[in-house]
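# Reading the structure
Listed below, chain by chain, are the residues.
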Amino acid sequence: MTAERFASRARSGRPAADLAAAPQRTTERLLHDVLVEQRGLGFAIQLAGLREAAAARDGAGAPVAEALAEAVAALETHETAALVRACTMQLAVDDVEDELERLEQRRAAERDGALAPESLEHAARLVAAHGTPPQLDVRVVLTAHPTDIARRSVLAKHRTIASLLERLGDPRLGAQERRRLEEDMREALAIWWTTNEVRALQPRVADEVRRLLSFFRTVLFDAGAELARDVRRTLGGSALEPPLRFGSWAGGDMDGNPNVTPATIRATLRAHRILVLTLLLERVRALRAAYSQADATLLVTEGLRASLQRDERELPRTAASLATDYPHEVREPLRRKLAFVAARLHVELTAARGGSVAGGPHGYASADALCADLQHVRESVGSAAVADGRIERLLWQARIFGFHLATLELRDNATELQAACRALVPGYAAARTEAERAALLSAACRDGTPHAPQDGPLPRAAAAFEVAAEAVAAYGPRALDTFIVSGAEHPSDLLCALWLARWAGLCRDGAPHLELVPLFESHAALARAPETMAALYDDPAYATHLRARARRQEVMLGYSDAAKEMGYLAGQWALYRAQEALAEQAALRGVELRLFHGRGGSVSRGGGPAYRSILAQPPGTVGGRIKVTEQGEVIRAKFFDRRLAQEALEQTVAAVLHATVVPGAAPPRAWREELARAAAAAQERYAALVWRDPDFAGVLEQCTPIDVLGRLNIGSRPVARGGPRTLARLRAIPWVFAWAQTRIGLPAWYGAGDALASGDLALQREMHAGWPFFAALVASLEAALDAADLAIGERYVALAAEQAPAQRLWDAIRAEHARCVERVLAISGHARLAEGALLDAVASPGAAAAADAREARRRPWLDALSLMQLELLRRHRAGDPGALEPLLATIAGIATGLRTTG
Ligand code: PGA
C-alpha cells in the first residue's frame, strides 16, 4: 500500500471491510474491539494499513520497506505514539497465546504417551542405565538485571489474559459464560491499553526486590516444591535434601549499583522472611482446614503425641482457645497439631514484621524445627495417598524455602574490596605489587585484625560484610551465604574478601559462614583463573577457610562480559577452557568445585536453551551440581506460569542428571585445535572492529538507540560501570540491547563467520556431529543470525552523521554476516537458519508451517515498530520534544517482539 493510500484511509476513517475485517485469534479480535472503542474505527483502519504496508513483499518475497518508511514519515508524532502502543500490544498478546499453545502441544504429546526428551522421566532412564542417581544440588539464582522491559502492572495483564484465554478454551462453555469471559478480557485489554508501557520513574532497589518476590509468591513457591516431589517420585529414594534451591541478587548486587546499600540488604532479608512465613502460614492453615481425619483412622506416632504435649505446655493460650472454639478437635489430632504449627509460624511472622526473629518456646528456632513437626504429621496420616499429597508438598516448601525464601547473595567489584582493605588493613595501602598485597592480606587474616570502631563512614563493601555477619547471626546461613567478587583477576581480590569476612566476624570460631566466589569474566582473568585458584588453594589463610568449608569452592563465570570483550566465539571458548582447567585442578586437589554460570537470555550473553547449555559443559564438570542465573525476560518467560516454571525447572534438573551420568568423552585434540584457531581468528576480527576501529564508537552512538536506553527506567543501576558512558565502561546488557534494537545483533556473531569459513569444513562437520559444545555453539549462532535482519539494520546505519566511515564499517559487517550464514548452514547441514531449534522444540510435521505462520503474524508488527523507531530517533535527535516518549515505547515494543532486550 502506498503512503498516500495509507494516509488517506487513516484520515477518512471510512470503514474498509478488508482492512478492519475481524482478525483471527481471540485476543486479536478482542483487542480490535478495544481499539475501536478507545480510538475509533479510523484508528483500527490506520493500524491495519500500517500492518499491510509492513507485510508487503516484493516478487522475491523480500520485504518492501520503502512504502512503510514513507507512511511512517508522514505521521504526526502523537499518531505514531498510539500506533506504537497498538503494535506492541499485538505482539504481547500474541506471545501469551503462543505460550498457551506450546503448553497445549506438550499436553497433547503427553496424552499420546510420548517421552519428552528433556523430561525427568527420560533422565531417570539414563540414570537407571548408567548407575545410581547422583546427589543433586541445583541452584537457580534470580538476578535483578535490567533485562525485562515489562512492568509488573503489565505482567499482571499478561497473566489475566492468559488465564481468561485458558478458560475460553474450554469446549464445555455455555454462550453466557463465553460472553462474560470475553467481557472480562475486553476489560483487561482496555486497562492495559491505557497503562504506560514504559516506567515513568527509575525503579528503586525495593521495586526490584518486590518484582522478584512476586515470582516466588505466585509461581516458584509451588513449582519448586512440585518439582522436588517429582524428582523423588521419578528417581525414588528417600533423600530429604532438596534437589534444588533458589537464590536472589535483588537488593544485594552492589556491582556498579550505588543504590544497593547495607540498608537495602537488611530490608530485603526482612522482606524474604515475611513473605516465606506468610506463604507457609497460608498453606498450613489450608491444610488444617482440609485435615479432618478422625483419630481412630490414623496411626498417630509417639513423636506426634509428644510434640502435641510440648505444644500444649509451651503454647497454653493456643491450647485454651482450641478448647473453647474447637472442642471437637480433641478427636482430630492432625488438625490440632497444625493449629499449633500455625500459631508458632504466626509468632515468627509477627516478629519478622517487627524486624526480628522470635525463636524461643513460642515460635520455631529454625525451619528444621518446622520440618520436624510436619514430619510427625506426615508419619501419622495412615495413608500413602495422603502422605504423598499436600503434606509432602508442604514439607518440600519448608525444606527448599525454609524461613529465608531465597538465599540472598551479595556481589561487589574487586576494586571496591581492594579500596575497603586499603582503608582498613594496616599497611595495605602501601603494598605495591600483587605478591606484597597477597602476602600482607594472608598474614592479616591469620593474625586476626580486631574489629575496631572506625572513624568516619565505612567503605560500602566493608559495611556489607558487617550486614552479612548480622544477617547470618539473626537468620542463619541459608538467608545469606555467598559473596561474589566481580572483576576478580588476582588472588588478592579474594583475600580482600576473606579478610573483610573475618574482620566482620563471619569466620569466628572457625565457622566460615560465607562462600567467597570469584567471578572471572575478562580474557585475562579467565586465562589466569587456574593460576589464581592455585595460589588461593596454596595460601595458608585461604586453605584454612577452605578446610572449614569442607573443601567446597564455587567459581562464577561471566558470559556477557567475556563476549563483550572477545566476541561470542572466543568468549565461549575461553569459558570452556577455564572450566575444564578449573575442574581438573579441583579434582587433583580434592576440592569440590561448583561452577556458577552467569548467563543472560540472549546468545550474545551466553543464553540458549537450558538443557542444551548444560549438556554442552565440558565433560565431567557438572557432577550433580550446577548454579545458574536467571534474569529479566527469562524469569518472565520461564516463571510466568506454574506449569511453565515446572517445565523449566524440570529441564534444568533433568539436564544435570543427564550430564552427570553420561558426561560424554573429552573432545579429540584436532577438534580443540580447530576451535582454538577459529576463536583466535574470531577474536582478532572482532577486536579490529570493536576495539581498534576509530569510527566504531561513533557508529554505536549514532546508529543505535544507545543514547536513550538509560531513559527506559528498567533497572536501578546505571548503564555504565564506574563513570560516564564509554564503550569500555558500558555494561554488557545495554551493549547487547542497543544492537538487538537495530536488528543487527552484531555481538552474537561478528567475527565467527570468517573465522569458521577459513577452517576445514569436513572437520567442523565432524565436530558438530560429535561435540555437544560445538553443536550448541553453532545452534546459538544460527539462532542469532536468524533473528538478525540486515535490511532493517541498514536503515540504522543511515542515521550516521558521516556516511563514509559508517558505510565502510557496514560493508564489513554485512560481508561478515553473509559469510557466517553460509558457513553455519554448511556446518549444520540445515536448509534454513534455526531449523535445528524448530526440530528440537516441537518434533511434529506441522512445526515448520506453524513457525512460518507465527513469523508471518509477528513480523509486520515488529518491522513497523522498527521503522517508527528510526523515524522517532531522527525526530528526537533533531530536537522534537514529543518524540522521546514514543521512542522509548518503540524500544519496549521491539523488545517485546524479539522477546528479548538483548
Ligand atoms: P553484569 O551482567 O553486568 O551484572 O555483570 C552482565 C549480564 O548479565 O549480561
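To keep things clear, this report deals only with the structure shown in the data block. (Residues numbered from 1 in each chain as written. Predicted model: local features only at pLDDT ≥ 70, side-chain atom pairs only at ≥ 80, totals over all residues. Heavy atoms only, no water.)

## Some thoughts on the overall build of the protein
- Each helix and strand counted, the protein has 41 helices and 8 strands in total.
- By the compact-globule yardstick of 29 Å for 902 residues, the protein fits well, its C-alpha radius of gyration being 29 Å.
- C-alpha extents for the protein along the principal axes are approximately 85 × 75 × 60 Å.
- In the protein, which comprises 902 residues, the share counted as buried stands at 57%.
- As displayed, the protein offers around 35100 Å² of accessible surface, 53% of which is attributable to carbon and sulfur atoms.
- Between the centroid of the 109 positive side chains of the protein and the centroid of its 110 negative side chains there is a distance of 4 Å. (Helix = DSSP H or I, 4+ residues; strand = E, 2+ residues; numbered from the N terminus. Rg over C-alpha atoms; globule rule 2.2 N^0.38 Å. Buried < 20%, exposed > 50% of the residue type's maximum accessible area, 1.4 Å probe, protein only. Areas by Shrake-Rupley, 256 points an atom, 1.4 Å probe, with all protein chains shown as cover. Lys, Arg positive; Asp, Glu negative; His and termini not counted. Charge placed at Lys NZ, Arg CZ, Asp CG, Glu CD.)

## Looking at the sheet that holds strand β8 (residues 625-631)
- Overall, parallel pairing links the 8 strands, which are arranged β1-β2-β3-β4-β5-β6-β7-β8 in a closed barrel. With strand direction ignored, the average angle separating the axes of adjacent strands in the sheet is 25°.
- Here 4 bridges tie strand β4 (residues 480-486) to strand β5 (residues 515-520), and the two strands are oriented parallel to one another. Of the residues in β5, the one forming a bridge with V485 is P518.
- Sheet strands in contact with helix α20 (residues 460-475) are β3 (407-413) and β4, and its direction is about 160° off that of β4.
- The strands that helix α24 (residues 559-566) touches are β6 (552-558) and β7 (592-598); relative to β6, the one it contacts most, it runs at about 40°. (Pairing = 2+ DSSP bridges. Axes fitted to C-alpha atoms, helices over the stretch in contact; angles between N-to-C directions. Contact = heavy atoms within 4.5 Å.)

## Concerning the site of the ligand
- Taken together, the residues surrounding the ligand are H145, R411, S560, D561, R605, Q631, R717, R721, R731 and I733.
- Between the ligand and R411, the relevant distance is 2.6 Å, taken from an oxygen atom to a side-chain nitrogen or oxygen of the residue.
- Separating an oxygen atom of the ligand from a side-chain N or O atom of R731 is a distance of 3.1 Å.
- Protein contact buries 95% of the 280 Å² of open area that the ligand shows by itself.
- The class makeup of the residues in the shell around the ligand is 1 nonpolar, 3 polar and 6 charged. (Near = heavy atom within 4 Å. Polar contact = N/O pair within 3.5 Å; in protein donor to acceptor, adjacent residues only side chain to side chain. Nonpolar A, V, L, I, M, F, W, Y, C, P; charged D, E, K, R; others polar.)

## So, helix α40 (residues 847-877)
- Taking 1.5 Å per residue as the helical rise, α40 with its 31 residues ought to reach 45 Å, and the 43 Å between its terminal C-alpha atoms agrees with that figure.
- At R858, α40 shows its largest bend, some 30°, and a proline, P860, comes one to four positions later.
- Downstream of α40 by one or two residues, G879 has phi in the positive range, about 100°. (Expected span 1.5 Å × (residues − 1). Bend = angle between axes of the 7 residues up to and from the residue.)

Remember, this is a structural readout, not a statement about activity or role.
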